[in-house]
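Working through the structure, step by step
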Amino acid sequence: MAENGKTSFSEQLDRMRHSMKKSPFAASQEYRAVMNALQDVVNYQGRSVGETSKEMVEAHSRLGQACETYLRTREGARTSRGKSRLDMVGAIYGLQQQERDGVNAMRTPSVLKDNSGKKWNEVLAEQRVREIDTGNMKLDTVGAGSSFRTVVPIDGDIAFFTKESKLVNTAQVFGEMAEKTGNPRIKEIWEKASGFDWSKGSPQSDGVLLDVDLMLSAAEHSMSEENYKEAFEQKMENYSNSFNAVKWNSFNADEKRELIEGIQVASKNNTLIEVMAKSGKVDTGSKIPERNVATSRLADLLGQNHIIAKSEKARLINNGRVEEGIVMARAEGLDINERKNLNQFISIQDFAAPEFQRQITNLEIMDLIAGQVDRNVSNMFYQMAELEDGKTRLTGVQGIDNDAAFGLCGVDPCKCKLSDVKLVDAGLHENLMKIDRATLDYTFGDILNEKEISALENRLDTVKEHLAHATILQPDEWNMQTSQELSDHGYMQQLKEKCTKLELSAGPEKDGNLEPQKEEKAPEATKKEISLDEMVNAEKKAAGPEAKPARENSVSGLSKKEPAKTEPRFVIGSYRANKGREK
């Protein structure tokens, strides 16, 4: 049935059949492959989603592949029949692409369960990819290190959008920046950096490369700072006296900003390469953000979707610009990295809440299966409850920043050790044992390639084999004894050590007496008195009314923007990529 004037699959199938009747012997193998796949899709449209989910996903994917093959091999058709069939298959491919996200949404177990009683044509009449239209709103970009995200209003709250990106080598990043910049001096620096293989370590010669390496070090050493941007700017000023060939003080404020933002992008990519490619064995060219969606689907398969900040594919529309990517829900709980939460974390006295034990153990097991190589206590948010004596009890946990996963590695690179897992939740264990290769192919087939699914299967089998010797616990069997068993390894041990360090380093900040952090003293000769933004404004003022406005960052696409203008109910944080929702 046609909707809103669009031709339906059924009508397109009739057109293909009509073309076949007119020229039955002129139909190529590629044309027949499109028609056969289309016939299967049409057959499933009126059937139950729950009964035909795997069949429809396979047929729909096969239709897309068949269309791509036909369009590629018949490009430049000259006869009227050839041009007509090319247009016909192009229209079918367009419809397939429109429905693709709706079909693939059924790979998520909870979504499939919610729609199992519906027919496919009913489900696909709804838009299943999350579309976020923010009009002309100015959106804030938050994050540090390898996690830059756009804050968006969604469902009466805020969420975090990440546009599509792929894992590439750092030389390629520099090359892309060289093509984009309009500044000849900066172009020369980026072009020089694009010719070096940064995966092999630091350069040994060439002044420009040595300076770029020093800039990358400044960015890396700023990662742990709360105000990453300001800390990095300060270090760049401090390091500039050691530059060999880059005359830092000869650049104006706009140029310095472009260099700083370009180095931020390259440093971010270095971190991704180090973590994902080297540790996780994720191939270059692989999509990055969608691995958050894969993690959500795995949590769903295990019946543990509450321990992960949910991610789904999304489309962001802002100021008429459309970007494809993923959106991650705001995590529930408190961020251990924020100074305002210091007292809550150093006052934790109770790590033994049964639900907290169960969740943090389940997160470890899920991370081992996913091959998650970047989980640490800073990539979790914590739910708490206050006890009668004013101390704090942990009640739950949620993992965020889940993209460093699903590579070709085994379980060994993970931050928790499989050999330490001796307790397992009964519900997770039951769900885990049901997962087989067919389930993995169906659930992850639109995100992971065949090699990555095979690696996932190998890790799953390894975990299954190990858990055969573990103690299976019901929800009411987690107690003080099990808490003691968890205390000397894994995420529980790492969290306790982090809380102890916070208490030891708190000093006068403890017990609510929070004082501003002392400013790091820079050498007098290089101390920065004003920010880059202030420098830009000062230069504009000095140049008079004819001065050109500061150029938006042509390197990274992360321009400085005003804070997001949302409804008053939204409170947007300053630098963390996922600001937690307190509970």
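Going by the structure above, here's the rest.
A short tour of the structure in this document, coming up. (Residues numbered from 1 in each chain as written. Predicted model: local features only at pLDDT ≥ 70, side-chain atom pairs only at ≥ 80, totals over all residues. Heavy atoms only, no water.)

This brings us to the packing of aromatic side chains. Applying the stated criterion across every chain yields a total of seven aromatic pairs. Ring centres 5.8 Å apart and planes at 45° place the aromatic pair Phe-174 and Trp-198 in the tilted group. Here Trp-198 lies in the loop between α8 (184–194) and α9 (207–221) and Phe-174 lies in helix α7 (residues 170–180), a separation of 24 residues in the sequence. Note on accessibility: Phe-174 and Trp-198 belong to one class, buried. An aromatic cluster of three or more residues is present, and its members are Phe-174, Trp-190, Phe-196 and Trp-198. Across the ring face of Phe-351, the terminal group of Lys-496 is positioned such that the distance to the ring centre comes to 5.0 Å. (Phe/Tyr/Trp six-rings, centres within 6.5 Å; stacked < 30°, edge-to-face > 60°. Helix = DSSP H or I, 4+ residues; strand = E, 2+ residues; numbered from the N terminus. Buried < 20%, exposed > 50% of the residue type's maximum accessible area, 1.4 Å probe, protein only. Lys NZ or Arg CZ within 6 Å of the ring centre and 35° of its normal.)

Looking now at the pairing of strand β10 (residues 392–399). Of all eight residues in β10, six are buried, a share of seventy percent or more. Sheet analysis places strand β8 (residues 348–350) next to β10, joined by two bridges and oriented parallel. The partner of Asp-350 across the bridge, within β10, is Arg-393. Bridge analysis of strand β9 (residues 380–386) against β10 gives seven bridges, and the strand direction is antiparallel. Bridging from a neighbouring strand, Met-380 pairs with Gly-399 of β10. The turn joining β9 and β10, which pair antiparallel and follow one another in sequence, is formed by five residues; a positive phi near 90° is taken by Gly-390. (Pairing = 2+ DSSP bridges.)

Looking now at the sheet that holds β9. The strand order β7-β9-β10-β8 describes an open sheet built from four strands, whose pairing is mixed. Each end of this open sheet is capped by a strand with a single partner; those strands are β7 (334–335) and β8. Strands in contact with helix α14 (residues 354–370) are β9 and β10; relative to β10, the strand with the most contacts, it is inclined by about 25°. (Contact = heavy atoms within 4.5 Å. Axes fitted to C-alpha atoms, helices over the stretch in contact; angles between N-to-C directions.)

The next point concerns helix α2 (residues 29–45). Side chains that are three or four residues apart share a direction in an α-helix, a result of its 3.6 residues per turn. For α2, built from 17 residues, the straight-helix expectation of 24 Å at 1.5 Å per residue is met to within 8% by its first-to-last C-alpha distance of 25 Å. Of the positions making up α2, those classed as buried are Tyr-31, Val-34, Met-35, Ala-37, Leu-38, Val-41, Val-42, Tyr-44 and Gln-45. (Expected span 1.5 Å × (residues − 1).)

This paragraph deals with the nonpolar core. The biggest cluster of nonpolar side chains holds 62 residues, and the ones touching the most others in it are Phe-356, Tyr-382 and Phe-444. Take this core: its biggest share by element is eight residues, from α14. Apart from residues lying up to four places away in sequence, Tyr-382 is in contact with Glu-332, Gly-333, Leu-334, Ile-336, Phe-345, Phe-356, Val-377, Leu-394, Gly-396, Val-397 and Leu-495. Counting 34 residues, the second largest nonpolar core, distinct from the first, contains Val-34, Ala-37, Tyr-70 and Val-123. (Core = buried A, V, L, I, M, F, W, Y, C linked by side-chain atoms within 4.5 Å.)

Moving on: the environment of Val-103. Within the secondary structure, Val-103 is located in helix α4 (residues 80–104). Measuring from C-alpha to C-alpha, the distance between Val-103 and Lys-54 comes to 10.0 Å, with 49 residues separating the pair along the chain.

Attention now goes to the sheet that holds strand β2 (residues 141–142). An order of β1-β5-β6-β4-β3-β2 is seen for the six strands of this open sheet, with the pairing classed as mixed. Whereas interior strands pair on both sides, the edge strands pair on one side only; in this sheet they are β1 (130–133) and β2. Bridge count between strand β5 (residues 311–318) and strand β6 (residues 321–329): eight bridges; the pairing is antiparallel. Bridge pairing in β6 links Arg-315 to Glu-324.

The next point concerns helix α15 (residues 426–434). Of all the positions in α15, only Ala-426, Leu-428, His-429 and Leu-432 are classed as buried. Buried residues of α15 fall within an arc of 160° about the axis and therefore sit on the same side. Against α14, β11 (423–425), α17 (450–467) and β12 (471–473) lie the buried residues of α15. Taking the backbone nitrogen of Gly-427 as reference, a side-chain oxygen 3.3 Å away marks Asp-425 as the first, capping residue of α15. (Arc of directions from axis to C-beta. Polar contact = N/O pair within 3.5 Å; in protein donor to acceptor, adjacent residues only side chain to side chain.)

One non-glycine residue, Lys-281, lies in the positive phi region at around 60°. Within the fold, Lys-281 resides in the loop between α11 (253–279) and α12 (290–301). The partly exposed category is assigned to Lys-281, whose relative accessible area is 44%. Phi is positive for Asn-319, which is not a glycine, with a value near 55°. Summarising the element assignment, Asn-319 is placed in the loop between β5 and β6.

This part is about the packing of α2 against helix α3 (residues 49–73). Remark: α2 packs on α3, axes separated minimally by 8 Å, with the N-to-C direction vectors making an angle of 155°. Considered as vectors, α2 and α3 are oriented roughly antiparallel to each other. α3 is crossed by α2, and the crossing has left-handed handedness. When α2 is examined against α3, the residues Glu-30, Tyr-31, Ala-33, Val-34, Asn-36, Ala-37, Leu-38, Asp-40, Val-41, Tyr-44 and Gln-45 are found in contact with a partner set consisting of Thr-52, Glu-55, Met-56, Ala-59, His-60, Arg-62, Leu-63, Ala-66, Cys-67, Thr-69, Tyr-70 and Thr-73. Classifying every residue of the contact of α2 with α3 by side-chain character gives 13 nonpolar, six polar and four charged. (Parallel < 35°, antiparallel > 145°, perpendicular 65-115°, else oblique. Left-handed = near helix turned anticlockwise from the far one by under 90°. Nonpolar A, V, L, I, M, F, W, Y, C, P; charged D, E, K, R; others polar.)

Glancing now at the pattern of salt bridges. Close approach of charged atoms allows side chains of opposite charge to pair. For the coordinates displayed, the defined rule picks out 32 salt bridges. Of the charged contacts, one joins Glu-312 and Arg-130 as a salt bridge, the two residues approaching to 3.4 Å between their closest N and O atoms. A residue pair is termed long-range when its members are at least 10 positions apart, and Glu-312 in strand β5 and Arg-130 in strand β1 qualify at 182 residues. Residue Glu-312 is classed as partly exposed on the basis of its relative accessible area, which comes to 22%. In this structure Arg-130 comes out as partly exposed when scored by relative accessible area, which is 25%. One salt-bridge network, in which partners are shared between bridges, spans Asp-101, Glu-131, Arg-315 and Glu-324. (Salt bridge = Lys/Arg side-chain N within 4 Å of Asp/Glu carboxyl O.)

Mapped onto the fold, Thr-134 is located in the loop between β1 and β2. Under the relative-accessibility criterion, Thr-134 is labelled buried at 8%. Engagement of the side chain of Thr-134 in a polar contact is seen with the side chain of Asn-318, the distance being 2.7 Å. With residues near it in sequence (within four places) discarded, Thr-134 still touches Leu-139, Pro-153, Leu-316, Ile-317 and Asn-318.

Here strand β3 (residues 149–154) lies mainly inside the structure; six of its six residues are buried. Because side chains alternate across β3, one face comprises the buried residues Arg-149, Val-151 and Pro-153, and the other comprises Thr-150, Val-152 and Ile-154, equally buried. Bridge count between β2 and β3: two bridges; the pairing is antiparallel. The residue of β3 that forms the bridge with Val-142 is Arg-149. Bridge count between β3 and strand β4 (residues 157–163): five bridges; the pairing is antiparallel. Pairing of Val-151 across the sheet is with Phe-160, part of β4.

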